[in-house]
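# Tertiary structure, described
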Amino acid sequence: MRPPVPVPTLSRRAKLVIGVIAVLLVLFTVIGTLTNVYVDYLWFDETGYTEVFWTEIQTRALLFAVAGLATGGLVALAIHLAYRFRPTFRPMSLEQQNLERYRQSIEPRRTLVLVAVAVVLGLFAGFTAQGSWETWLQFRNATDFGTVDPQFGLDNGFFVFELPFYRLALGFAFAIAVLALIGSLLTHYVFGGLRLQTPGQKLSGAARVQLSVLLGVFVALKAVAYWLDRYSTVYSDRGGVFTGASYTDVNALLPAKTILVFVAIICAIAFFANIVVRNFALPAASLVLLMLSSLVIGVAYPAIVQQFVVRPTPDEREAPYIARAIDATRQAYDIADVQYVNYAQDQTGDSASDADAAQAAAELAGSPTVENIRLLDPNVLAPTFTALQQIRNVYGFPDRLDVDRYSVDGVTQDYVVAVRELDQSNLSDNQSSWINRHTVYTHGNGFVAAPANQVSSGSGEGGQPNFTTGNLPTTGNIPVDEARIYYGELLNDNGTDTYSVVGAADGEGPREFDRPESGSSDDDQDQVNFTYDGSGGVSIGNFFRQLTFAIYYRERNFILSGAVNDNSRVMYVRDPLDRVEKAAPFLTVDGDPYPAVVDGRVTWILDGYTTSDAFPYAEQMELGEATTDALTGTGTGTTALPNDTVNYVRNSVKATVDAYTGQVTLYAWDDEDPVLRTYMQAFPGIIEPKSDMSDDLVAHVRYPEDLFKLQRDILTRYHVDDAGDFYNQNDRWRIPDDPTIGGTTAAQPPYYILSQRPGDSGATFQLTSALNAFQRENLSAFVSASADPATYGELQVLRLPGNTPYQGPGQAQNAMTSNNQVRTDLTLFDSDNSRAVFGNLLTLPIGDAGLLYVEPLYVQSAAENSFPLLQKVIVNYQGRIGYGDTLAESLDQVFGAGVGDSVPDGGTTAPDGGGSTTPPTTSAPTTTAPPTGGGGDVVVDSATAQAIAAIQQALQDLAAANQSGNFVAIGQAQQALADASAAFEAAQSAASASASSAPASPTG
């Protein structure tokens, strides 16, 4: 026998050092974790959503404890029993001699080893289980759908809420059984209960009993798995073009799974019987039977049925199951009640006849659609808003603006809207100290709106938005009582520390920069400061909380700076989308929050979705992929959704975030949604009833973009009623590529418009999209979703005749850019000194006369800090192209003189805004440098305004010279454009130099 192997020992000093390091690591980890949890709690306490915090914490803790104790405890018990019933005598052999050293190493510390195994396995299982806290809450608070699946006759709530939890529990049971079996085998082997190489009996009686029980449990769990597999056929993709139980699943796989359940039960009984029989031949034979049955019955037989029964005539065999999938998918994505309209059946398609044009002209006369054609593209105009309404470099606008509608003097029209937010990326070097960044520059200020169907036409303003609400302090035709923006899209904590510390000490003057003094000039650097007096933020008026946030942000100024006082509050998680996701973690939030003035306050409105991936027979979609288009995630203002798999979605919640206080409010927009009702039971009291929404708030809700994009994707396939046509894809549609962005194959975004739908008595606010024929560029359908309170959510699809080649968006764009006048101007606009920028290509139904394409054309100077200005409008009606300086001119070219009279002021407006209310002046505002040194802001003074006017005049002269073919005039106009661009750059450089020389704000 080999001598015992000596166990290495550590010196006393080494043990002390290791102990101190371990204690410090644990201490830092615990402090960091507790700090994070406490800061989270303070945020939930501030917003009033502690119910969410505690419910999630308790649920995670419960699952962690149950899974950890069950896994660690049962595996440890199995190992303990294997050791407890080890044989007292082990026949001597070379195998046992080799194992003796392991036994001697384990014996003195077997309790420690057993506890370590239990703790490690328990922690791993607990951490895995706690991540499924939503699955438990759904199971615990399950709500019936009120509809049943067509195969098993069970309520759909069983599949959505209960089956996922049964699968989760079964998975942990399998893991415990396997780990216990492995632990028992190893223990029996090390301590002699299992002897692989020793002559004689290979397995002790105790080992045989324990292993038989564990194997019997494992096979019994397999019987349960086979039973649950029957229900999982509702998610089968065997049918190829549809989801759900197919002919083969129902007629071959389901009977096979039922048979395998009984075979597995028999096999489990055989293993349990081995406790008495003491012969592994019977359980071994039953195990072989189970394996052969699973291969022959569960795999081979369904494959034979699929190959020889279904494949010869799949459209006939699968017809009833396709019908199930169509019905379930429409129900799951809320498109079961779509209104289909056979549209423009008598039109000639891509080449309008005189009769078509005459009918369209008659429809256009006085049409509310024409009156509200949107010329301003919110995805293009962010630089224009920044140049004309930024005021100070500390402010900014998101890259993607928003469209909303407002009623002014009884007239409703859509506006391009934005809020002037704090943008810390624009701060200059001397503005970026901790004091300035976190206590001086704390918020934005102002709501900006411009009618979407107008541009200014005054001297020096051609093509600019007509800002009827804007400037500082905010004035205009949309009254705003509180315009300060402490919570916004440019204040995202993701990767950027944008927290602010607000609140002045008693007796201390205002510290926060609010806005420049009204009437200040370049020589007058006065500013208005402010002290926050709202309820937003977490109070840090005592040392403990200051220390907490100093640890959390790793920032000593929370303790050392005099700017942090007894009245201080810290604001964090300031992006509206982040706030709603944190307050309601069970929601998927639409990626495009938008600001609205609701009851006089700037309010962010967001759409929350309840989703599931377990609705039976519904097609599964990758959420992020299906909702991505040419504009998604390309800048601030839009966020891509996570690429989760879903097959059920509802816009069940409308959420608001107050831009001043940060207060999050959730409203049950669809209180019939079973998923929402389940979560309302899990988190009682956090969601307000829809009836609590004010009329002003309801007037500003929009149909959400991401839901619409998901639904239009589903509609490309599931608009078909006939199962055979669906299987053969005879009438499939597709989402067109965005033709306004050269070289992209990304989907065209949907657009908000204020338009009159066929059959409606007036214009309504809608979200719309064109749909092409599959693998062709011809237009097949036009889908719209109403956001009008009276008809909210109504989906209408205009079906175009399949035998007439209507131009799709790509073809319409190509026809526009191929026009002689357009092509020539594009060559001139795309020069060294400027570039052409295409706006959104809108598709508009004109009564029953067909579809009209309208596209604004902007021109942007190549100079630094330049911005796009509307110069031309292109329209296309079935191949007839109109191209003019105004929308009215373009419409007259296509439909005849007088049609454009319906356009307000011909598509432009006088400098005073042209409305019944007197808006603030739209002349380029004079701004001054920021009080802290400026840097980066676009200053629009008189010199800059003159340069802009000169650029506009040069562009107009260039277009006129090109049309007349006067090469001398063309050269003169090009030179004038170059000189005007240079003057613009010089004016901006001078303004920036003046701004950078301004003194910095006091840092306190």
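This one's a predicted model, so the numbers in the text were calculated from it and none came from an experiment.

### Topic: the sheet that holds strand β15 (residues 569-571)
If you walk across this open sheet you meet the three strands as β11-β15-β14, and the pairing is antiparallel. Looking along the sheet, the strands with just one partner apiece sit at the ends: β11 (500-502) and β14 (538-539). Two elements, β14 and β15, share two bridges in a ladder whose sense is antiparallel. Each residue of the ladder has a partner; that of Ser 539, found in β15, is Arg 569.

### Some thoughts on the nonpolar core
Counting 153 residues, the largest nonpolar core has Phe 447, Phe 549, Phe 558, Tyr 572 and Leu 666 as the members making the most contacts within it. For this core, the leading source of residues is helix α6 (residues 156-190), giving ten residues. Beyond its immediate chain neighbours, meaning those up to four positions away, Phe 447 contacts Tyr 406, Val 417, Ala 418, Val 419, Thr 469, Gly 470, Thr 474, Ile 478, Val 480, Pro 595, Val 597 and Val 602. Ranked by size, the runner-up nonpolar core spans 46 residues in total, among them Ile 373, Ala 382, Val 455 and Phe 867.

### A look at the pairing of strand β32 (residues 869-877)
Within β32, nine of the nine residues are buried, leaving the element largely enclosed by the surrounding structure. Strand direction decides the pairing type here: strand β31 (residues 851-861) and β32, joined by seven bridges, are antiparallel. Along β32, the bridge assignment pairs Pro 856 with Val 873. In terms of strand pairing, β32 meets strand β33 (residues 880-884) through five bridges, oriented antiparallel. When the bridges of β33 are listed, Tyr 877 appears paired with Arg 880.

### Some words on the pattern of salt bridges
A full pass over the atoms with the stated rule returns 23 salt bridges. Measuring nitrogen to oxygen at the nearest pair gives 2.9 Å for the salt bridge that ties Asp 514 to Arg 484. Taken together, the residues Asp 514 in strand β12 (residues 512-516) and Arg 484 in strand β10 (residues 484-485) connect sequence positions 30 residues apart. Three or more residues are tied together by salt bridges with common partners; here these are Arg 167, Asp 229 and Lys 257.

### Looking at the confidence of the model for the chain
Detail in the predicted coordinates should be disregarded across regions flagged by low pLDDT. Residues at a pLDDT of 70 or more form 86% of the chain, whose mean pLDDT is 85. Contacts of residues 995-1004 to residues separated by more than four positions or lying in other chains number 30 contacts, the stretch itself having pLDDT below 50.

### A word on empty space enclosed by the protein
All chains considered together, the criterion is met by nine cavities of 30 Å³ or more. What the largest cavity holds in volume is close to 250 Å³. As for the largest cavity, its lining consists of 24 residues, of which Asn 379, Asp 592, Leu 631, Thr 638 and Glu 705 are closest to the centre. With three residues, the single largest contributor to the lining of the largest cavity is helix α22 (residues 705-718).

Thresholds applied
By convention here, each chain's residues receive numbers from 1 onward along its written sequence. Note on the predicted model: pLDDT of at least 70 is required for a residue's local features to be given, and 80 or more for side-chain atom pairs to be given and counted; whole-chain, interface and lining totals, by contrast, use all residues. Side-chain measures were taken over the full set of non-hydrogen atoms in the model, leaving aside hydrogen atoms and water. Two strands qualify as a pair provided DSSP detects at least 2 bridges between them. Helix and strand definitions follow DSSP, with helices as H or I runs of at least four residues and strands as E runs of at least two, each counted in order from the N terminus. Put simply, a nonpolar core is a bunch of buried Ala, Val, Leu, Ile, Met, Phe, Trp, Tyr and Cys residues held in one set by side-chain atoms that sit within 4.5 Å of each other. Under the scheme applied here, a residue whose accessible area is under 20% of the maximum for its type counts as buried, over 50% as exposed, and between as partly exposed, the area being computed with a 1.4 Å probe on protein chains only. In what follows, a contact means two residues having at least one pair of non-hydrogen atoms within 4.5 Å. A carboxyl oxygen of Asp or Glu within 4 Å of a side-chain nitrogen of Lys or Arg is what we treat as a salt bridge. A residue's pLDDT is the confidence the predictor assigns to it, expressed on a 0 to 100 scale. Space inside and on the surface of the protein is sampled on a 1 Å grid over the protein atoms alone, with a cavity defined as a set of points where a 1.4 Å probe fits but cannot get out and a pocket as an open set with protein on both sides within 12 Å along at least 5 of 7 lines; lining residues have an atom within 4 Å of a point. Grid points are joined across faces, edges and corners, and a volume is the space filled by probe spheres set on the points.

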